[in-house]
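For reference, the chains in residue letters:
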Amino acid sequence: MRAAQLLKALAKAGKRAVLAGDLGAGAVVGLDLEGRWYGVLGGEVLSRVSPEAVAGQSTRERYLNPGGDGLWPAPEDTAVGYQYAAGAWRVPPGLAAARFRVTRASSRSVAVCAEVDLVNNRGVGMPVLFERRIAVASGRKSLTVKVAESFTYLGRRELRNSEALLAPWSLGQFDCGPGCEVVFPCRNKGAVWDLYDEPSEGQRTWEAGLCRTRTDGSQRYQIGIGPEVPWIEFRDPRRGLTVRRAAGALPSGQSPIDIRDAAPEVRPSRRGVRYSVYSDRSGFMEIEAAGGCPEVLRPGCSMSVEVTTRFAIAKG
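Per chain, residues are indexed from 1 in the order of the written sequence. Selection of residues for local features in this predicted model requires a pLDDT of at least 70, selection of side-chain atom pairs for listing and counting requires 80 or more, and totals for whole chains, interfaces and linings are taken over all residues. To obtain the side-chain values, all non-hydrogen atoms of the structure were used and water was disregarded.

Looking at the overall build of the protein chain
In step 1: Scanning the protein chain for helices and strands turns up three helices and 24 strands.
In step 2: Computation of the radius of gyration draws on C-alpha atoms, with the globule rule given as 2.2 Å multiplied by the number of residues to the power 0.38. Relative to its length of 316 residues, the protein chain is compact, with a C-alpha radius of gyration of 18 Å against a globular reference of 20 Å.
In step 3: Taking the principal axes of the C-alpha coordinates as reference, the protein chain spans close to 55 × 45 × 40 Å.
In step 4: Residues counted as buried form 54% of the 316 residues belonging to the protein chain. Helix and strand definitions here come from DSSP, where helices need a minimum of 4 consecutive H or I residues and strands a minimum of 2 consecutive E residues; each element is numbered from the N-terminal end. Each residue is placed in one exposure class: buried if its accessible area under a 1.4 Å probe, protein chains only, is under 20% of its type's maximum, exposed if it is over 50%, and partly exposed if it falls in between.

A few points about the nonpolar core
In step 1: By nonpolar core is meant a set of buried Ala, Val, Leu, Ile, Met, Phe, Trp, Tyr and Cys residues that side-chain atoms within 4.5 Å join together. If you look at the biggest cluster of nonpolar residues, it comprises 78 residues, and the most contacted ones within it are Met 126, Phe 130, Phe 184, Ile 232, Phe 234 and Leu 297.
In step 2: Apart from the residues lying within four places of it in its own chain, the contact partners of Phe 184 are Val 192, Gly 209, Leu 210, Cys 211, Thr 213, Ile 225, Val 229, Trp 231 and Ile 232. Working rule for contacts: check all heavy atoms of both residues, and any pair within 4.5 Å makes them a contact.

Quick word on the pattern of salt bridges
In step 1: Basic side-chain nitrogens of Lys or Arg form a salt bridge, by our definition, when they fall within 4 Å of a carboxyl oxygen of Asp or Glu. Under the counting rule described, the total for this entry stands at 19 salt bridges.
In step 2: Arg 245 is the partner of Asp 69 in a salt bridge, and the nearest nitrogen-oxygen pair spans 2.7 Å. Residue Asp 69 is found in strand E5 (residues 69–74), and its partner Arg 245 is found in strand E18 (residues 241–247); the two are separated by 176 residues along the sequence. Considered together, Asp 69 and Arg 245 belong to a single accessibility category, that of buried residues.
In step 3: A salt bridge links Asp 258 to Arg 260; its shortest N-O distance comes to 2.6 Å.
In step 4: The exposure class of Arg 260 is partly exposed, given its relative accessible area of 22%.
In step 5: Residues joined by salt bridges that share partners form a network here, namely Asp 69, Arg 132, Glu 149 and Arg 245.

Description of the pairing of strand E9 (residues 142–153)
In step 1: The element E9 is extensively covered by neighbouring structure, given that ten of its twelve residues are classed as buried.
In step 2: We treat two strands as partners when DSSP finds at least two bridges between them. Bridge analysis of strand E8 (residues 125–138) against E9 gives eleven bridges, and the strand direction is antiparallel. What sits directly across from Ser 138, in E9, is Leu 143.
In step 3: Counting the residues in the hairpin turn of E8 and E9 gives three residues.
In step 4: Strand direction decides the pairing type here: E9 and strand E24 (residues 302–313), joined by eleven bridges, are antiparallel. Among the inter-strand pairings, Lys 146 is bridged to a residue of E24, identified as Thr 308.

Re the sheet that holds strand E12 (residues 181–185)
In step 1: Spatially, ten strands are ordered E6-E7-E8-E9-E24-E18-E17-E12-E15-E14 in an open sheet, and the strand pairing comes out antiparallel. Of all the strands in the sheet, just strand E6 (101–106) and strand E14 (204–207) have a single pairing partner and so form its edges. Strand after strand, the sheet turns through a mean of 20° between neighbouring axes, direction not considered. Here an angle of 0 to 180 degrees is reported between the N-to-C directions of two axes, which are lines fitted to C-alpha atoms, with helices fitted over the stretch in contact.

Quick look at the packing of aromatic side chains
In step 1: Stacked, edge-to-face and tilted are the three classes for Phe, Tyr and Trp ring pairs, Trp counted by its six-membered ring, which pair at centre distances within 6.5 Å; planes under 30 degrees apart are stacked, over 60 edge-to-face, the rest tilted. Under the definition given, this model contains eight aromatic pairs.
In step 2: On the basis of an interplanar angle of 25° and a centroid distance of 5.5 Å, the ring pair of Phe 174 and Phe 234 is categorised as stacked. Of this pair, Phe 174 sits in strand E11 (residues 167–175) while Phe 234 sits in strand E17 (residues 232–236), and the two are 60 residues apart along the sequence.
In step 3: For Phe 174, a relative accessible area of 3% translates into the label buried.
In step 4: Overall, Phe 234 belongs to the buried group, its relative accessible area being 0%.
In step 5: Each member of the aromatic cluster is reached from another via a ring pair, and the members are Trp 37, Phe 174, Phe 234 and Phe 311.
In step 6: Lysine NZ or arginine CZ positioned within 6 Å of the ring centre and within 35 degrees of the ring normal marks a charge as sitting over the ring. Sitting over the ring of Trp 231, Arg 244 keeps its end group 3.5 Å from the ring centre.
In step 7: Of note, Arg 271 hangs over the ring of Trp 193, and the distance from its end group to the ring centre comes to 3.8 Å.

Concerning unusual backbone geometry
Most peptide bonds adopt trans geometry, and most residues besides glycine take a negative phi value.
In step 1: Residue Pro 75 is reached from Ala 74 by a cis peptide bond, and omega for that bond is 10°.
In step 2: Residue placement: Pro 75 occurs in the loop between E5 and helix H3 (93–96).
In step 3: Not every positive phi belongs to a glycine, and Glu 34 is a case in point at roughly 65°.
In step 4: For Glu 34, the position within the fold is in the loop between strand E2 (25–30) and strand E3 (36–41).
In step 5: On the basis of relative accessibility, which here comes to 3%, the residue Glu 34 falls in the buried class.

Quick look at the pairing of E24
In step 1: In this sheet, E24 lies alongside E18 in antiparallel orientation, the contact comprising seven bridges. By the bridge assignment, Leu 241 is partnered in E24 with Ile 313.

Some details on the side chain of Gln 173
In step 1: Note that Gln 173 resides in strand E11.
In step 2: A polar atom in the side chain of Gln 173 sits 2.8 Å from the side chain of Glu 286.
In step 3: Ignoring anything within four residues of it in the chain, the contact list for Gln 173 reads Arg 36, Ser 47, Arg 48, Asn 65, Gly 67, Gly 68, Phe 284, Met 285 and Glu 286. For the purposes of these results, a polar contact is taken to be a pair of N or O atoms within 3.5 Å, where, inside protein, one atom must be able to donate a hydrogen and its partner to accept one; residues adjacent in sequence count only when each atom of the pair is a side-chain atom.

Encoded structure:
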């Protein structure tokens, strides 16, 4: 999809958007699409776009996944997760319906925020300020997007980890197919593990200090990746596209957490996820980076992580 088409479709649907950079190299931020941003290079949108989500509205019966790069609350599930608080998987309606607002903007940067009320599987309610500070820089055939992701806990009582966990979780979605993969430097196979029960070792190869995991749609899986891995990179040979993500150091006192989609009766593992890769049979995948959480959520505390995403086109 062309960037101009995306902006036109958003305007037609009555959904606000803001552009950091320009249509040659920049990020389109859907203020009424969960605050998701879409990488643009050479006038083309490189992130996955769902025209149905752009034009429509999610309901209780059906969630329309907008694609792009979203900021979600982690963990997805376990005893303190957010997607099963009403008994079945759903995106928290406060997030799906959030209307982000611009708090600061320049030609190559924008800051947006929204207040979202979350309820976890323990029935604990948490008012949270979601904030994304987005800055773009470009080269001849590359785009770098730096995003400072943060959650600020607005509640008035302290919450220990046994009651609540909360970490910013950045999920970048891309269309994928034959030949697509994610590559990252890693010699320790123990630094990579499955987040679903179905094993996915058959999707991976290890060579020359690199792990290569296929995201060609042949199997639905999600893997967690430990903090010793410095970056992960999606490669799509069909488009000559590479997308590398790197997460910065966590604030003092905050540690990676278990983000996985596990049953609500399962307690979170102490094994924290720094990066994650999700592959879906329907032809899309995600490269993900997660922040951390302190042992106690205190009123006004912020959980943050800076995620740098670099897009490059090798051909054309």
